[in-house]
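Structural description and commentary
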Amino acid sequence: MRAVIHHGQPGTSGLRLTEVADPEPGTGRVRVRLRAAGLNHRDLFLMDERSGAEAPFIPGSDGAGIVDAVGDGVSGVREGDEVLINPTLGWEKACETPVVPEILGGPTDGTLAESVVVPAANIARKPEHLSWPEAAALPMGALTAYRAVFTRGGLEPGEHLLVPGVGGGVGGWALLLAKAAGARVTVTSRKADKRERAVRLGADRALDSAADWAAELGGASVDLVVDGVGPAVFDQYPKVLRPGGRVVVFGATTGTELPVPLREFFFHQFSLLGTSMGSAEEFRQLLAFVEQHRIRPVVDSVYALENVAEAYEQMAAGTQFGNIVIVP
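Here is a short report on the structure shown in this document.

Calculation rules
Residues numbered from 1 in each chain as written. Predicted model: local features only at pLDDT ≥ 70, side-chain atom pairs only at ≥ 80, totals over all residues. Heavy atoms only, no water. Helix = DSSP H or I, 4+ residues; strand = E, 2+ residues; numbered from the N terminus. Buried < 20%, exposed > 50% of the residue type's maximum accessible area, 1.4 Å probe, protein only. Contact = heavy atoms within 4.5 Å. Patch = residues over 30% accessible without salt bridge, like charges linked within 9 Å, V, L, I, M, F, W, Y side chains within 5 Å. Areas by Shrake-Rupley, 256 points an atom, 1.4 Å probe, with all protein chains shown as cover. Salt bridge = Lys/Arg side-chain N within 4 Å of Asp/Glu carboxyl O. Phe/Tyr/Trp six-rings, centres within 6.5 Å; stacked < 30°, edge-to-face > 60°. Lys NZ or Arg CZ within 6 Å of the ring centre and 35° of its normal. Pairing = 2+ DSSP bridges. Axes fitted to C-alpha atoms, helices over the stretch in contact; angles between N-to-C directions. Core = buried A, V, L, I, M, F, W, Y, C linked by side-chain atoms within 4.5 Å. Left-handed = near helix turned anticlockwise from the far one by under 90°. Nonpolar A, V, L, I, M, F, W, Y, C, P; charged D, E, K, R; others polar.

Position of R147 relative to the elements: it lies in helix 3 (residues 139-152). With a relative accessible area of 5%, R147 lands in the buried category. Separated by 129 residues in the primary sequence, R147 and S276 place their C-alpha atoms 8.1 Å from one another. Those residues within four positions of R147 in sequence are excluded, and the remaining contacts are W91, A94, T97, R152, G153, T275, S276, M277, G278 and E282.

Next up, the structure:
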């Protein structure tokens with residue numbers, strides 16, 4: 001089969017398209033013939049950190065396709081089933097938080113190939129209303145957003161969610177999920193076109209990330225912030241959160257060191273919570289929610305497998321709104 005491997009050099013310069021042997025499913029596993037795969041910023045982080053000494057691997061965590069081989073001991077799955085893949089491995093219950101979630105596509109081979117082998121427990125029926133690119137755009141970003149917004153953030157209908165830096169997969173999903181749940185949503189972005197697209201997707205307000213958010217909101221408070229940005233905008237949160245408000249952090253695109261204004265946090269009883277990925281239990285809840293509300297992912301662009309380096313360069317530049325998808 002054709003596959004994209006990363007080897008030899010850090011970053012996207014280590015990517016190449018090659019022929020590898022078709023993987024065979026062992027006990028408890030299935031092989032999925034991929035119809036589409038989704039890119040994530042995690043792929044870039046992994047490739048940037050690798051040197052030439054590591055063994056080659058196939059990147060990619062998100063994918064959707066058709067089961068074409070079933071290993072021993074698998075029940076409830078048949079060849080021909082249309083499925084998407086839960087990229088979080090070995091995490092069943094939402095309450096059983098792992099130290100670090102194990103994720104498909106590094107160090108295990110991932111979805112930037114014509115086929116991938118995964119545990120049977122990690123596939124689910126593809127929602128019928130989604131196209132293949134839409135299905136492939138769903139798993140990692142939507143699962144991370146679902147856990148951040150509902151499990152960790154506890155968002156309730158009528159509450160006010162703030163999504164800084166909207167445009168990427170998780171932020172866009174947080175917007176879609178929260179609106180479907182009956183919340184008000186304010187987003188921020190440095191780019192006017194992304195603010196406009198967010199409003200078209202249902203955002204109630206879209207603010208310039210460089211603005212004074214408290215002044216722009218005119219005294220309206222926020223119940224929950226779902227944050228993947230970090231230090232660049234963190235000082236705005238205490239100014240807009242209501243007493244008892246929550247901040248859920250799922251990423252840190254502007255750095256990992258954070259001065260927290262402790263006096264404001266304990267006086268106003270704010271909560272600062274971390275989250276990463278999500279469990280199989282939450283993945284099932286997410287898919288039921290997506291089907292119930294007929295939510296469709298935002299697909300920014302679709303690239304052929306041989307153009308994957310160009311796709312990653314677009315992601316690194318941050319010009320996309322929504323997800324970038326690869327088709328074999």
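The next point concerns a nonpolar patch on the surface. A cluster of nonpolar side chains, contributed by L262, F266 and F267, occupies part of the molecular surface with about 370 Å² of accessible area. Along the chain, L262 falls in helix 9 (residues 262-267).

Moving on, we get to the packing of aromatic side chains. As enumerated under the stated definition, the model contains eight aromatic pairs in all. On the basis of an interplanar angle of 70 degrees and a centroid distance of 6.5 Å, the ring pair of Y146 and F289 is categorised as edge-to-face. Taken together, the residues span a long stretch of sequence, with Y146 in helix 3 and F289 in helix 10 (residues 280-293) at a distance of 143 residues. Judged by its relative accessible area of 10%, Y146 is buried. Cation over ring: K126 sits above W132, and NZ or CZ is 5.1 Å from the ring centre.

This next bit is on the pattern of salt bridges. Taken as a whole and assessed by the stated rule, the structure comprises 13 salt bridges. Between R2 and E114 there is a salt bridge, with the nearest N and O atoms lying 3.3 Å from each other. On the criterion of sequence distance, the pair formed by R2 in strand 1 (residues 2-6) and E114 in the loop between strand 7 (102-103) and strand 8 (115-119) is long-range, its members being 112 residues apart. By relative accessible area, which is 16% here, E114 ends up buried. Between E159 and R246 there is a salt bridge; the shortest N-O distance is 3.0 Å. Pair noted here: E159 is in the loop between helix 3 and strand 10 (160-163) and R246 is in strand 14 (residues 241-249), with a separation of 87 residues, a long-range link. Neither E159 nor R246 differs from the other in exposure class; each is buried. Overlapping salt bridges bring together E159, D223, R242 and R246 as one network.

Before going further, it helps to spend a moment on the side chain of T111. Assignment of secondary structure puts T111 in the loop between strand 7 and strand 8. With residues near it in sequence (within four places) discarded, T111 still touches L34, A37, P59, G60, S61, D62, G63, I85, L104 and V116.

Whether parallel or antiparallel, the strands of a sheet pair through hydrogen bonds between backbone atoms. As summarised here, the arrangement of the six strands in space is 12-11-10-13-14-15, forming an open sheet in which the pairing is parallel. The outermost strands of the open sheet, each flanked by one partner alone, are strand 12 (205-208) and strand 15 (271-274). Strand-to-strand twist across the sheet, computed as the mean angle between neighbouring axes with direction ignored, equals 20 degrees. As paired strands, strand 14 and strand 15 are joined by four bridges and run parallel to one another. Bridge pairing in strand 15 places V247 opposite L272. Sitting on the sheet, helix 5 (residues 192-201) is in contact with strand 11 (184-189) and strand 12, with an inclination near 170 degrees to strand 12.

If you look at the biggest cluster of nonpolar residues, it comprises 46 residues, and the most contacted ones within it are L138, W173, L177 and L286. Counting only elements with at least two residues in this core, the list comes to helix 2 (132-136), helix 3, strand 10, helix 4 (169-180), strand 11, strand 13 (222-227) and helix 10. Every residue in contact with W173, bar those within four places of it in the chain, is listed here: A137, L138, G141, A142, A145, V290, I295, P297 and N323. In terms of nonpolar packing, the next biggest core, distinct from the first, is built from 20 residues, L39, Y312, I324 and I326 among them.

What follows concerns unusual backbone geometry. For the bond running from G106 to P107, omega is 10 degrees, close enough to zero to count as cis. Not every positive phi belongs to a glycine, and Q269 is a case in point at roughly 55 degrees. For Q269, the location among the structural elements is in the loop between helix 9 and strand 15.

A word on the environment of A304. Within the secondary structure, A304 sits in strand 16 (residues 299-304). Beyond its immediate sequence surroundings of up to four residues, A304 is in contact with I326 and V327.

So, on to the packing of helix 4 against helix 10. Axes are the key here: two packed helices are described by the angle between their axes and the distance separating the axes. Put simply, helix 4 and helix 10 touch, their axes get as near as 11 Å, and they point 65 degrees apart. Where helix 4 crosses over helix 10, the handedness of that crossing is left-handed. Judged by residue contacts, W173, L177 and A180 of helix 4 engage L286, F289, V290 and H293 from helix 10. Looking at the contact of helix 4 with helix 10 residue by residue, the class counts come to six nonpolar, one polar and no charged.

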